[in-house]
Amino acid sequence: MTSFRAFRIHQDDAGYRAGIETMDTEALSPGEVLVRAEWSSVNYKDALAGTGKGKILRSFPLNGGIDVAGTVVASTDPSFKEGDKVLATGSGLSETRDGGYGEYVRLPAAWTIALPATLTTREAMIVGTAGFTAALALLRMTENRQAPSQGPIAITGATGGVGMLGIDIFSRAGYEVHAISGKPDRFDFLRNIGASECVDRHQLVFSGRPMDSAKYGGLLDNVGGKTLAGFLPLIAPYGNAAICGLAGSPELATTVMPFIIRGVSVLGIASAGTARDVRDEVWRRLSGDWKPRHLDTICTKEVALEDVASVFGTMLEGGSFGRTIVRIGG
Ligand SMILES: C=CC(=O)SCCNC(=O)CCNC(=O)[C@H](O)C(C)(C)COP(=O)(O)OP(=O)(O)OC[C@H]1O[C@@H](n2cnc3c(N)ncnc32)[C@H](O)[C@@H]1OP(=O)(O)O
Ligand SMILES: NC(=O)C1=CN([C@@H]2O[C@H](COP(=O)(O)OP(=O)(O)OC[C@H]3O[C@@H](n4cnc5c(N)ncnc54)[C@H](O)[C@@H]3O)[C@@H](O)[C@H]2O)C=CC1
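Residues numbered from 1 in each chain as written. Chains lettered and ligands numbered in written order. Predicted model: local features only at pLDDT ≥ 70, side-chain atom pairs only at ≥ 80, totals over all residues. Heavy atoms only, no water.

- By the naming in an unreviewed UniProt entry, the chain is Acryloyl-CoA reductase, taken from Luteibacter yeojuensis.

This is the structure we're talking about:
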């Protein structure tokens, strides 16, 4: 039994609250692989969970953090041994089991990924759920016959984690990327990581018609609401709209026209529950031909575990810029 520090989230008679506590490894959620955490990251979902502004945890109390990378200290599963470097994203972390915001985390072997040789634990957490989600979207889009010849991919919420890693990954995979963002002062940055064009979302005027002239081959949407509804009529025949997020709104008011006239497909992207074989394929691509080329640039902030909550407010107010990683034992 080892005593350690964790960012733990409670909801009980005393209300919703979270902060740094000391706990014992024996109290961690069950699993075969005990990991000494080195790095984690901050995703929008972590901010919802840490503040209680979203219904993320489905059991209390739990350690926060949907991502983790570190070193195995003990394993009852023969697939892993002491000293192995591993990572996990989603997979119930900070939803139904203790997550990565602790010096130790216990993982089911079924959800533990051996760290690819081309990534460090720190790089794996710059990628984290954000990069995994962007790559999962690209995988699903290409499986549904998305091709660069159909036209540019519009990426909304472009200055956020999924947005920036999406720009890097899609451009590396040969797509022209148009970044949609409300932060024009960041456009040079977005061009440097792979965007061909940047569009100020405050200047966007959607016609409101059910169909409009096709302008984009596909869409990676982090925003939802009127933004998503505005882009659907602009997608070229048989293009895909990969729907990831709700940073603007969870609502969607639209018509069936783009789907039944242009054959546009809506692909729901749910990173947390991705099946193991697909998960392995996504990490194989992320550590190989789709490995983001600008990880150090996209990692704009590093915080200590004690300071993780300081990031949540800005993130939920739309102020994100790139990826924040959490130094735990790294
Ligand atoms: C990195 C990923 C992301 O960022 S995704 C975006 C962040 N996620 C969210 O904001 C979702 C937060 N969740 C909610 O707002 C609510 O759970 C809800 C609106 C989706 C549903 O709330 P409601 O109170 O109406 O119902 P329940 O919470 O009781 O759920 C109904 C039903 O759905 C199942 N379910 C809910 N969440 C999940 C989940 N994350 N994964 C799988 N299944 C989920 C829940 O178990 C219930 O099913 P049942 O069969 O009745 O058990
Ligand atoms: N479906 C899935 O598996 C996943 C979903 N997500 C979701 O994707 C979204 C992005 O996640 P992260 O990149 O981690 O967050 P982030 O906070 O890093 O990025 C959010 C981006 O959206 C922008 N934004 C915020 N409010 C906006 C608004 N009203 N209109 C337009 N843009 C707005 C922000 O400026 C920022 O660029 C979130 O909604 C998150 O919940 C993220 C990862 C996985």
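1. Describing the overall build of the chain
Working step 1: For the chain, the helix and strand inventory stands at 9 helices and 16 strands.
Working step 2: At 20 Å, the chain has a C-alpha radius of gyration in line with the 20 Å of a compact globule built from 330 residues.
Working step 3: The principal-axis extents of the C-alpha atoms in the chain amount to approximately 65 × 45 × 35 Å.
Working step 4: By residue count, 56% of the 330 residues in the chain fall in the buried class.
Working step 5: Surface accessibility of the chain: about 13600 Å² in total, with carbon and sulfur atoms responsible for 50%.
Working step 6: Each charge class in the chain was averaged separately, 33 positive and 35 negative side chains, and the resulting centres sit 4 Å apart. (Helix = DSSP H or I, 4+ residues; strand = E, 2+ residues; numbered from the N terminus. Rg over C-alpha atoms; globule rule 2.2 N^0.38 Å. Buried < 20%, exposed > 50% of the residue type's maximum accessible area, 1.4 Å probe, protein only. Areas by Shrake-Rupley, 256 points an atom, 1.4 Å probe, with all protein chains shown as cover. Lys, Arg positive; Asp, Glu negative; His and termini not counted. Charge placed at Lys NZ, Arg CZ, Asp CG, Glu CD.)

2. Comments concerning the UniProt feature "domain: Enoyl reductase (ER)" (unreviewed entry) in the chain
Working step 1: Following the UniProt record, the feature "domain: Enoyl reductase (ER)" (unreviewed entry) maps to residues 18-326 here.
Working step 2: Helix and strand shares over residues 18-326 are 26% and 26% respectively, and the end C-alpha atoms of the span are 16 Å apart. (UniProt positions renumbered as here; feature names shortened; annotations may be inferred.)

3. Notes on the environment of Leu34
Working step 1: Along the polypeptide, Leu34 turns up in strand S3 (residues 33-42).
Working step 2: Assessed through its relative accessible area of 16%, Leu34 is described here as buried.
Working step 3: Along the primary structure Leu34 and Glu82 are separated by 48 residues, whereas in three dimensions their C-alpha atoms are 9.0 Å apart.
Working step 4: What Leu34 contacts, discounting residues up to four positions off in sequence, is Thr25, Leu28, Thr71, Val72, Val73, Ala74, Tyr104, Val105 and Arg106. (Contact = heavy atoms within 4.5 Å.)

4. Regarding the site of ligand 2
Working step 1: Near ligand 2 lie 24 residues; those nearest to it are Thr159, Lys183, Ile269, Ser271 and Ser320.
Working step 2: Tyr44 is positioned such that a nitrogen or oxygen atom in its backbone is 3.1 Å from an oxygen atom of ligand 2.
Working step 3: Taking Lys183, its side chain carries an N or O atom lying 2.7 Å from an oxygen atom of ligand 2.
Working step 4: Burial of ligand 2 by the protein chains amounts to 87% of its free accessible area of 850 Å².
Working step 5: In terms of residue class, the shell around ligand 2 is made up of 9 nonpolar, 13 polar and 2 charged. (Near = heavy atom within 4 Å. Polar contact = N/O pair within 3.5 Å; in protein donor to acceptor, adjacent residues only side chain to side chain. Nonpolar A, V, L, I, M, F, W, Y, C, P; charged D, E, K, R; others polar.)

5. Quick word on a nonpolar patch on the surface
Working step 1: Judged by side-chain polarity, Val256, Met257, Ile260 and Ile261 come together as a nonpolar surface patch covering roughly 390 Å² of accessible area.
Working step 2: Tracing the backbone shows Ile261 in helix H6 (residues 257-261).
Working step 3: Judged by relative accessible area, which is 53%, Ile261 ranks as exposed. (Patch = residues over 30% accessible without salt bridge, like charges linked within 9 Å, V, L, I, M, F, W, Y side chains within 5 Å. Salt bridge = Lys/Arg side-chain N within 4 Å of Asp/Glu carboxyl O.)

6. Here's the deal with the packing of aromatic side chains
Working step 1: The tally for this structure, following the rule as stated, stands at 9 aromatic pairs.
Working step 2: When the ring of Phe7 is compared with that of Phe312, the centres are 5.9 Å apart and the planes differ by 70 degrees; the resulting orientation is edge-to-face. Linking Phe7 in strand S1 (residues 3-12) with Phe312 in helix H9 (residues 312-316), this pair joins segments that are 305 residues apart in sequence. Side by side, Phe7 and Phe312 carry an identical accessibility label, which is buried. (Phe/Tyr/Trp six-rings, centres within 6.5 Å; stacked < 30°, edge-to-face > 60°.)

7. Looking at the site of ligand 1
Working step 1: The local shell around ligand 1 consists of Lys45, Leu48, Lys55, Ile56, Arg58, Ile66, Glu95, Thr129 and Leu246.
Working step 2: Between ligand 1 and Lys55 there is a distance of 2.5 Å, counted from an oxygen atom to a side-chain nitrogen or oxygen.
Working step 3: A distance of 3.5 Å separates a nitrogen atom of ligand 1 from a polar side-chain atom of Glu95.
Working step 4: Protein contacts shield 36% of the accessible area of ligand 1, which totals 1000 Å² for the unbound molecule.
Working step 5: Class assignment of the residues belonging to the shell around ligand 1 gives a composition of 4 nonpolar, 1 polar and 4 charged.

8. Digging into the sheet that holds strand S13 (residues 235-243)
Working step 1: Taken in spatial order, the 6 strands of this open sheet run S11-S10-S9-S12-S13-S14, and their pairing is parallel. If you trace the sheet from one side to the other, it starts and ends with strand S11 (197-200) and strand S14 (265-268), each paired once. Averaged over neighbouring strand pairs, the angle between their axes works out to 20 degrees when direction is ignored.
Working step 2: Alignment of strand S10 (residues 177-181) against S11, held across 4 bridges, turns out to be parallel. Along S11, the bridge assignment pairs His178 with Glu197.
Working step 3: The strands touched by helix H2 (residues 121-143) are strand S9 (153-156), strand S12 (216-221), S13 and S14; relative to S12, the strand with the most contacts, the crossing angle is about 145 degrees.
Working step 4: Contacting S9, S10 and S12, helix H3 (residues 161-172) crosses the sheet at an angle of about 165 degrees to S9. (Pairing = 2+ DSSP bridges. Axes fitted to C-alpha atoms, helices over the stretch in contact; angles between N-to-C directions.)

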